[in-house]
Each structure stands twice: as structure tokens, then as C-alpha cells.
2 protein chains.
Amino acid sequence: MQNSVFKALAHPARRQILALLRKGPRLAGDLAAEFDSSWPTMSRHLAVLKDADLITAERQGNQILYRVNTSVLEDAATALLGLIGSDNGDDDLKEAAE
Amino acid sequence: MQNSVFKALAHPARRQILALLRKGPRLAGDLAAEFDSSWPTMSRHLAVLKDADLITAERQGNQILYRVNTSVLEDAATALLGLIGSDNGDDDLKEAAE
DNA sequence: ATACTAATTAGCTTTTTTGCTAATATGAGT
DNA sequence: ACTCATATTAGCAAAAAAGCTAATTAGTAT
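Thresholds, definitions, all that
- Residues numbered from 1 in each chain as written.
- Chains lettered and ligands numbered in written order.
- Predicted model: local features only at pLDDT ≥ 70, side-chain atom pairs only at ≥ 80, totals over all residues.
- Heavy atoms only, no water.
- Pairing = 2+ DSSP bridges.
- Helix = DSSP H or I, 4+ residues; strand = E, 2+ residues; numbered from the N terminus.
- Buried < 20%, exposed > 50% of the residue type's maximum accessible area, 1.4 Å probe, protein only.
- Polar contact = N/O pair within 3.5 Å; in protein donor to acceptor, adjacent residues only side chain to side chain.
- Contact = heavy atoms within 4.5 Å.
- Axes fitted to C-alpha atoms, helices over the stretch in contact; angles between N-to-C directions.
- Lys, Arg positive; Asp, Glu negative; His and termini not counted.
- Salt bridge = Lys/Arg side-chain N within 4 Å of Asp/Glu carboxyl O.
- Near = heavy atom within 4 Å.
- Nonpolar A, V, L, I, M, F, W, Y, C, P; charged D, E, K, R; others polar.

- The name recorded for chain A in an unreviewed UniProt entry is HTH arsR-type domain-containing protein, from Hyphomonas chukchiensis.

Below is the structure:
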């Protein structure tokens, strides 16, 4: 499952989706409009992100609202820090900020 | 360049290589011995990591010593934190620890 | 020069990912 | 029921990644 997260992060468009979502929830179509790729392509990127649990989807009548799953992103960042020399990586992010 | 880093991180074997390298520099053959894949395959994983600047290679006579490039890993972690709601992501890691 | 070890590069096949168009679902409005 | 808008799924083709064996390079040592 860690693997699907890093795989999902491997595509620039998907990282950009997360960057947009960072500022707040967004509708699928709203997101798709920001990219050059076709709608179905964007839809699949969203599916990959959802599969990795990096985002969540919520129906709002006709459309679908996506939002970032912050904790999974934090876990990924923590995992990366865990690959660095010191033992920072095992710390919780909040502990590290104190 | 950011892209090659995340792409490099997408493969579990490569993350594990980084995890091993975290504890200290290692010879290529030494690393290869830890995995089931063939030597050439491992060699390519190392090449991908080197290409992303996540590791550096140094000849030691007959063999090649690899070590993690901590700063690139930090940058990646910071980039991920940057995708999270607050504005933590723009901070330097050292600043965040104070 | 030859032989030996360590590691990479070449060449190839298989698998995965990407991205398109066309088709389908889901829900709202009339 | 019909239609429109939103979004996903199907199905396909092209591109990229992964992993193997065989061949090659680089360095050491005899």
C-alpha cells in the first residue's frame, strides 16, 4: 500500500492534482478543466490517486467532490524522512516540530 | 528533475536500496547480494537512483561505493509536505525543527 | 599480455502505464 | 420517459519500465 502511494506520486499530473487539492476540495470537472489531457485521462489519474488513498471522493448530486487525504501524504513524507541518515524518520511529524 | 526523483522512488526495490544505504555507504555488489534480482537488474536500479541524484557513486579501485544523497531526499520529503494543507511545505526542514 | 573480479551496457521480451475515443452509468430537470 | 450534464468504464494502441542473458568495460594482480 505504501507502494501504490509512491507509484501514484510518480506522475507529474497527479502531483499537480494534489497541489490543486491542497488549497481545498474540488469537483472532478473543475480539476479536469485545468489540464490539457482528456477527461477520461484525468478521471483515471483521479482513480489512481483514490486507489492509493491519497484522495477521497464524495458525490454531490450530479458531480463528485475530491479532497486530499492529508494523513497518507504525511505518512509518505515521513517514510522519506525515514530514509535519511538520522532517526528523524520514526518521529511523528508533530513531534518533529516541537 | 523532481519528476525523476519521484519516479525513482516508485519502485520498492529502489526504496529498499535507499533504506540500506541509509545506514551507511555500500558497495554495489554488496547491495546486489541482498536482493533476489539479477546483478544487471540491480545495476539498473542503481543507475535510476543515480540519475535522479538520489545516490552518488564513487570508484574504489575494483568496486564502486554508493551513498545516499540526503539533500535530494529531503527535498522530496519537503515537496510532499508542501502538498499538505498548511504552509509547512515551504519551510526548510531545519527551520521546521526549531 | 593474461587472467580474474566487479560492475555496467546491449539487446531483447514481458509487463505496466499512459492516453485516446467510444460507450456507459448516474443524477437532475422537464 | 427523455434529455442534458457530469463523470466513469471499456477497449485499444503507443510508450515506458522491468528484468533476464550475453557481451563489454574497468581495474587488479600474476
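1. Some points on the pairing of strand S2 (residues 55–60) of chain B
All names here are of chain B.
Thought 1: As judged from the six bridges shared by S2 and strand S3 (residues 63–68), these two strands associate in the antiparallel manner. Across the sheet, the residue bridging to Ile55 is Val68, located in S3.
Thought 2: In this structure, the hairpin formed by S2 and S3 is closed by a connection of two residues, where Gly61 is found at a positive phi of approximately 60°.

2. Comments concerning the side chain of A:Arg26
Residues and elements named next belong to chain A.
Thought 1: Checked against the element boundaries, Arg26 lands in strand S1 (residues 26–27).
Thought 2: On the accessibility criterion, Arg26 (17% relative accessible area) is buried.
Thought 3: Only 2.8 Å separates the side chain of Arg26 from the side chain of Glu34, close enough to count as a polar contact.

3. Some remarks on the sheet that holds S3(B)
Residue and element names in this part refer to chain B.
Thought 1: Strands sit in the order S1-S3-S2 across an open sheet of three strands; the sheet is antiparallel. Lying at the two open borders of the sheet, with one neighbouring strand each, are strand S1 (26–27) and S2.
Thought 2: On the sheet, helix H2 (residues 12–22) packs against S1, S2 and S3 and is oriented at approximately 90° with respect to S3.

4. Some words on the side chain of B:Arg14
All names here are of chain B.
Thought 1: Structurally, the position occupied by Arg14 is in helix H2.
Thought 2: Among buried charged residues, Arg14 stands out as having no salt bridge; its nearest opposite-charge side chain is Asp51, 11 Å away.
Thought 3: Contacts of Arg14, omitting those with residues within four sequence positions, involve Lys7, Ala8, His45, Val48 and Leu49.

5. A closer look at the pattern of salt bridges
Residue and element names in this part refer to chain A.
Thought 1: Going through the model one piece at a time under the given rule, you end up with six salt bridges over all chains.
Thought 2: Here Arg67 makes a salt bridge to Glu58, at a shortest N to O gap of 3.1 Å.
Thought 3: Salt bridges linked by common partners bring Arg26, Asp30 and Glu34 together as one network.

6. What about the protein's contact with DNA strand D?
Thought 1: Taken together, 21 residues lie near DNA strand D, and A:Ser43, A:Tyr66, B:Ser38, B:Thr41 and B:Arg44 sit nearest.
Thought 2: Put simply, 63% of the atoms of DNA strand D that lie within 4 Å of the protein are in sugar or phosphate.
Thought 3: At 3.1 Å from a phosphate oxygen of DNA strand D is found a side-chain nitrogen or oxygen belonging to B:Lys7.
Thought 4: Elements represented by at least two residues in the surface near DNA strand D include exactly helix H3 (28–32), helix H4 (39–51) and strand S3 (63–68) of chain A together with helix H4 (39–51) of chain B.
Thought 5: Per-element accounting of the surface near DNA strand D gives the leading share, four residues, to H4(B).
Thought 6: Classifying every residue of the surface near DNA strand D gives six nonpolar, 11 polar and four charged.

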